[in-house]
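Report on the structure
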Amino acid sequence: MAAGDRRAILHFDWTLFTLVLALAGIGLVSVISASYGGHKIIDPLVIHQFVWIAVGTGALLLAVLVDYRALQSYAYPFYVMVVGLLIAVMVAGHATGGSRRWINLGFFHLEPSELAKLAVVLVMVRYLREEPPKGGWGFRHLIVPLILLGVPAALVLKQPDLGTGLVLVLITITLVFVAGLNWRTMAILGIAGMLAAPLSWHYLKPYQRQRLVSFINPQADPLGSGYHIIQSEIAIGAGGPTGKGFLKGTQARLNFLPEQSTDFIFAVFAEEFGLAGALLLLGLYASVIARGAWIARHSRDRFGALLAVGLTAIVFWQVAINIGMATGMLPVVGITLPLVSYGGSSLIAMMAAMGILISINTRRYLF
């Protein structure tokens, strides 16, 4: 083992690693609860989630061993590969629930949109790694980032996957802002975005429009578009201060709660473990986000700092949207809760992202 590898192991970020495993553990417990039918605990979903946690942990450790600076050379090839996979989804993707998001590999259903988050972060950071010009990035400097964002975002929205498309946009905004966007440009873009928002209504599918309407007044269609929000709020409220107890949540048990192992798994956890459990979960996420910000602040180079910001932004925005959606504070757009929701592609990709984050922190001791 090389001296550099030994030093990398010595400075391994056990704090972030422990936080990631804790969240994955909560996810496994929540999937057990979401899939429990009253007769047997070990459902196939649970076995799959356990296997994916193991594979994800391996991906995390492998990412730690890779010098994150080498990712600069692979950013664009990886981006092109992911765009190719997104196109493949449109041509021969596996459709479920009205969405075509997966490629059936036989032993595994790959969801390229999860890889798109990493691809967008990598190419944005690769482009923005140079110091901004005096006064900050202006309009002409945003042409390339907008193109790099627009291609995968358009393909993801075509699936349709509004949640992931929104996350891609928010990640890009975060990175451009942190990289040194001109304040005047920022103000103009913000105003333009607010003015253009109403126009996007015409590009939404009918069910997406109905979800936005139901967000304002879920009771207007309690058995239709408002059903998700109403049942999620009931589950969270029923948990009370300390929850009903493990495997005792009635909303999930009686199948009132939709998408209970994925989009609304927070409601499952909150019903069984109450406000105390919800605060613990939020505390773990806050710790991961704070750790990511700390790593970005102490990185030795601009590429590493921006990469840490981008990876942390994935966690922040997904948590904010998912929990906001489950609590009725945001419209239902469909997005997983990082490291907790059921799903192989999302879990493995997120753990790999956390491995890159650990790599950034580890290598500040090596150069």
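Anyway, here's the lowdown on the structure attached to this text. (Residues numbered from 1 in each chain as written. Predicted model: local features only at pLDDT ≥ 70, side-chain atom pairs only at ≥ 80, totals over all residues. Heavy atoms only, no water.)

Turning to the side chain of Asp13, a few remarks are in order. Mapped onto the elements, Asp13 comes out in the loop between helix H1 (3–10) and helix H2 (14–35). We classify Asp13 as buried; its relative accessible area is 3%. In this structure the side chain of Asp13 is engaged in a polar contact, spanning 2.9 Å, whose partner is the side chain of Asn361. Apart from residues no more than four positions distant in its own chain, Asp13 is found in contact with Arg291, Ile295, Ile358, Asn361 and Thr362. (Helix = DSSP H or I, 4+ residues; strand = E, 2+ residues; numbered from the N terminus. Buried < 20%, exposed > 50% of the residue type's maximum accessible area, 1.4 Å probe, protein only. Polar contact = N/O pair within 3.5 Å; in protein donor to acceptor, adjacent residues only side chain to side chain. Contact = heavy atoms within 4.5 Å.)

Here the residue pair Gln159 and Pro160 is connected by a cis peptide bond, since its omega of 0° sits within 30 degrees of zero. The phi dihedral of Glu259 is positive, around 45°, even though this residue is not glycine. Within the secondary structure layout, Glu259 lies in the loop between helix H11 (250–253) and helix H12 (265–298).

Let's shift gears to the nonpolar core. Counting 104 residues, the largest nonpolar core has Leu281, Leu307, Leu311, Leu337 and Met354 as its most contacted members. Apart from the residues within four sequence positions on either side, Leu311 is in contact with Leu118, Val121, Ala353, Met354, Ile356 and Leu357. (Core = buried A, V, L, I, M, F, W, Y, C linked by side-chain atoms within 4.5 Å.)

Taken as a whole and assessed by the stated rule, the structure comprises eight aromatic pairs. Each ring, one from Trp52 and one from Tyr342, has its centre 5.1 Å from the other, and the planes form 50°; the classification is tilted. Here Tyr342 lies in the loop between helix H13 (302–326) and helix H14 (344–362) and Trp52 lies in helix H3 (residues 44–65), a separation of 290 residues in the sequence. Taken together, the aromatic side chains of Phe12, Trp14 and Phe17 make up a single cluster linked through ring pairs. Above the ring of Trp294, the side-chain terminus of Arg291 is found at 4.8 Å from the ring centroid. (Phe/Tyr/Trp six-rings, centres within 6.5 Å; stacked < 30°, edge-to-face > 60°. Lys NZ or Arg CZ within 6 Å of the ring centre and 35° of its normal.)

This brings us to a nonpolar patch on the surface. Residues Ile42, Ile47, Phe50, Val51 and Val55 make up a contiguous nonpolar surface patch of about 460 Å² in total accessible area. Note on placement: Val55 falls in helix H3. (Patch = residues over 30% accessible without salt bridge, like charges linked within 9 Å, V, L, I, M, F, W, Y side chains within 5 Å. Areas by Shrake-Rupley, 256 points an atom, 1.4 Å probe, with all protein chains shown as cover. Salt bridge = Lys/Arg side-chain N within 4 Å of Asp/Glu carboxyl O.)

Another aspect to go through is the sheet that holds strand E2 (residues 99–104). Ordered by their spatial adjacency, three strands build an open sheet running E1-E2-E3, and the pairing between neighbours is antiparallel. At either margin of the open sheet sits one strand with a lone partner, and together these are strand E1 (94–96) and strand E3 (109–110). Across three bridges, E1 lies against E2 in antiparallel orientation. By the bridge assignment for E2, His94 is matched with Trp102. Packed on one face of the sheet, helix H4 (residues 71–92) meets E1, E2 and E3 and runs near 105° to E2. (Pairing = 2+ DSSP bridges. Axes fitted to C-alpha atoms, helices over the stretch in contact; angles between N-to-C directions.)

In a regular helix each residue adds 1.5 Å, so 13 residues correspond to 18 Å; helix H10 (residues 227–239) covers 19 Å between its end C-alpha atoms and thus fits that length. Of the residues making up H10, those classed as buried are His228, Ile229, Ile230, Gln231, Ser232, Ala235 and Gly239. (Expected span 1.5 Å × (residues − 1).)

The quantities given are spatial measurements derived from coordinates; they are silent on function.
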